[in-house]
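Chains, contacts and geometry: an overview
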Amino acid sequence: MFRKLLTLEEAKKIIEENFKPAQIDDEDVALLEAYNRVLKENVISTIDVPAFNRSTVDGYAVKAEDTFNADENQPITLNISGIALTGEQPKNVLAKGEAIEIVTGAPIPEGANAVIMLEDTERVDNQLQIYTAIAPYMNIMKKGSDIKTGETILHTRQTLGAPEIGTLAALGLTKVRCFKPPIIAILSIGNEITETGKTLIPGKIFDINTYSLSTAIIECGAKPIIFGIVPDDKNALRKTLITAISSADAVITSGGVSIGPYDYTPQIVDSLGKPGVVISGIAVKPGKPTTIAFIQNKPIFSLPGNPAAALLMFHILVRPTIFHLCGKAPHETRTIRAFAGAKLFSAKGRRTFITVKLALDIEKERLIAEPITEASGAITTLTKADGFIEIPENQQYINKDEEITVKLFRQT
């Protein structure tokens, strides 16, 4: 079913032209279950954080002007009139010439406008000697200095991680409105594949792609639904695909997309609805046989069976689509500059992706990108790799020690 190979840019444009997802549903999510979820709406604070002026040190609350003449040789003396503790409003009102003992995080007593640190004082009974002058509001975190009432704290389409969820907790929220995560169907195709946990007989391999691709889907913020292994049988594949399409927002298959006698996937997918297959082969290495279709306005990504190629094509083509389905803002892959550790050659006429491992050249104080050369089908290629580089179709090679851009697999 292969036609003229498309460039990577042409393939991305075709996906964009055909991908018209329905409106994403949303739901309230408990804060402790909101990790990696995507905000449906802006979060606007209804309170000040902190809600009161608070001390940032252990020491004594004072009137700053009472300390202006203090120094190490001529300390000033104040009377200690009480104590301010965390979790309660101070009972004492500070008068001129007085100090109130205070702990970190406690509210500032009425009448005080600064806190002097414990180490800058000396206490004898209820008398406090102060050895340094301090300015107004020193060592005080003002009310609303972190978050103000009416301030937009988090924005729609923002992904929630530990800092964001902590911020929501600081506002006293117990739940947050998020987009519902999309459901992505996964199936592996091939007579040679067997389930993990079973006895591996000669000629069989364990189902790698179901697990690696499902994990990649979870990392995107979506939910995988696993349809297992489908043999090289047209009727079985058709039946499974029909069920997968009706059950999910997108489908990812691996295997059965090359030009072998049992590579039925493109033909079966194309027969299931319009527009059907829109991409059948891309001028890239690895990942050339990648096939993409749209059925019932849902994307179907048919990736190579080679585990490393499948994950790489997922990273390049599938992940942006899943991000869109999740409601996430457009995401740029993190990059880093490095120097080629060897001369790197491209595949003639194809965009070539070469996985690399980063190493520090201590002598020259620079990062080196060493190519990872593994046998075709080796899943360990990506476990050893920090990222990949691209060599354009019209470029033959990259010289050793040439500065290059490395696109990182891990985004944190």
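Here the structure is a predicted model, which is why all the values come from computation and not from measurement.

Examining the nonpolar core
Core analysis: the largest hydrophobic core is formed by 45 residues, its most contacted members being Ile252, Ile279, Leu303, Phe314 and Ile322. When residues of this core are traced back to their parent elements, those giving at least two are α1 (8-18), β13 (183-189), α3 (209-220), β17 (250-254), β18 (275-280), β20 (291-295), β21 (298-303) and α6 (307-326). A total of 13 residues in this core trace back to one element, the largest contributor, which is α6. In this structure, Ile322 is in contact with Pro182, Ile184, Ile217, Cys220, Ala222, Ile252 and Phe314, ignoring residues within four places of it in sequence. Core analysis: the next-biggest nonpolar cluster, separate from the first, contains 18 residues, Ala185, Ile245, Tyr264 and Val277 among them.

Regarding helix α4 (residues 234-247)
Between its first and last C-alpha atoms α4 spans 20 Å; for 14 residues at 1.5 Å apiece the expected length is 20 Å, and the two agree. Here α4 has its buried residues at Leu237, Thr240, Leu241, Ala244 and Ile245. Considered in projection along α4, the buried side chains sweep an arc of 130° and stay on one side of the axis. Pointing more than 90 degrees away from the buried face of α4 are the exposed residues Asn235, Lys239 and Ser246. Lining the buried residues of α4 we find β13, β16 (223-230), β17, α5 (265-270), β20 and β21. Its side-chain oxygen placed 3.2 Å from the backbone nitrogen of Asn235, Asp233 serves as the N-cap of α4.

Remarks on the pattern of salt bridges
Tallied over the entire structure, the rule returns 13 salt bridges. With its nearest N and O atoms 2.6 Å apart, the salt bridge here joins Arg37 to Glu27. Pair noted here: Arg37 is in the loop between β1 (26-30) and β2 (43-44) and Glu27 is in strand β1, with a separation of ten residues, a long-range link. We classify Arg37 as buried; its relative accessible area is 12%. For Glu27, a relative accessible area of 25% gives the class partly exposed. Taking the shortest distance from any N to any O, the salt bridge between Glu393 and Arg351 comes out at 3.1 Å. Within this pair, whereas Glu393 is found in the loop between β26 (387-391) and β27 (397-398), its partner Arg351 is found in strand β24 (residues 351-361), the two being separated by 42 residues in sequence.

Comments concerning unusual backbone geometry
Note the cis peptide between Val49 and Pro50, where omega equals -5°. Following the sequence through the fold, Pro50 ends up in the loop between β2 and β3 (54-55). Of note, the amide linkage connecting Lys285 to Pro286 takes the cis form, showing an omega dihedral of -5°. You can see Pro286 is positioned in the loop between β19 (284-285) and β20. The phi dihedral of Asn36 is positive, around 65°, even though this residue is not glycine. Relative to the helices and strands, Asn36 resides in the loop between β1 and β2. Located in the positive-phi region is Glu365, a residue other than glycine, with phi close to 55°. Assignment of secondary structure puts Glu365 in the loop between β24 and β25 (366-371). What makes Glu365 exposed here is its relative accessible area of 71%.

Overview of the sheet that holds strand β7 (residues 114-117)
Strand order in the open sheet formed by six strands is β7-β4-β6-β5-β9-β8, with mixed pairing between adjacent strands. Strands with a single pairing partner mark the edges of an open sheet, and in this sheet they are β7 and β8 (121-124). Going from strand to strand, the sheet's axes swing by 40° on average, the running direction of each strand aside. The pairing of strand β4 (residues 59-62) with strand β6 (residues 98-102) spans three bridges and is classified as antiparallel. Residue pairing in the sheet places Gly59 in a bridge with Ile102 of β6.

What counts and how
Residues numbered from 1 in each chain as written. Predicted model: local features only at pLDDT ≥ 70, side-chain atom pairs only at ≥ 80, totals over all residues. Heavy atoms only, no water. Core = buried A, V, L, I, M, F, W, Y, C linked by side-chain atoms within 4.5 Å. Buried < 20%, exposed > 50% of the residue type's maximum accessible area, 1.4 Å probe, protein only. Helix = DSSP H or I, 4+ residues; strand = E, 2+ residues; numbered from the N terminus. Contact = heavy atoms within 4.5 Å. Expected span 1.5 Å × (residues − 1). Arc of directions from axis to C-beta. Polar contact = N/O pair within 3.5 Å; in protein donor to acceptor, adjacent residues only side chain to side chain. Salt bridge = Lys/Arg side-chain N within 4 Å of Asp/Glu carboxyl O. Pairing = 2+ DSSP bridges. Axes fitted to C-alpha atoms, helices over the stretch in contact; angles between N-to-C directions.

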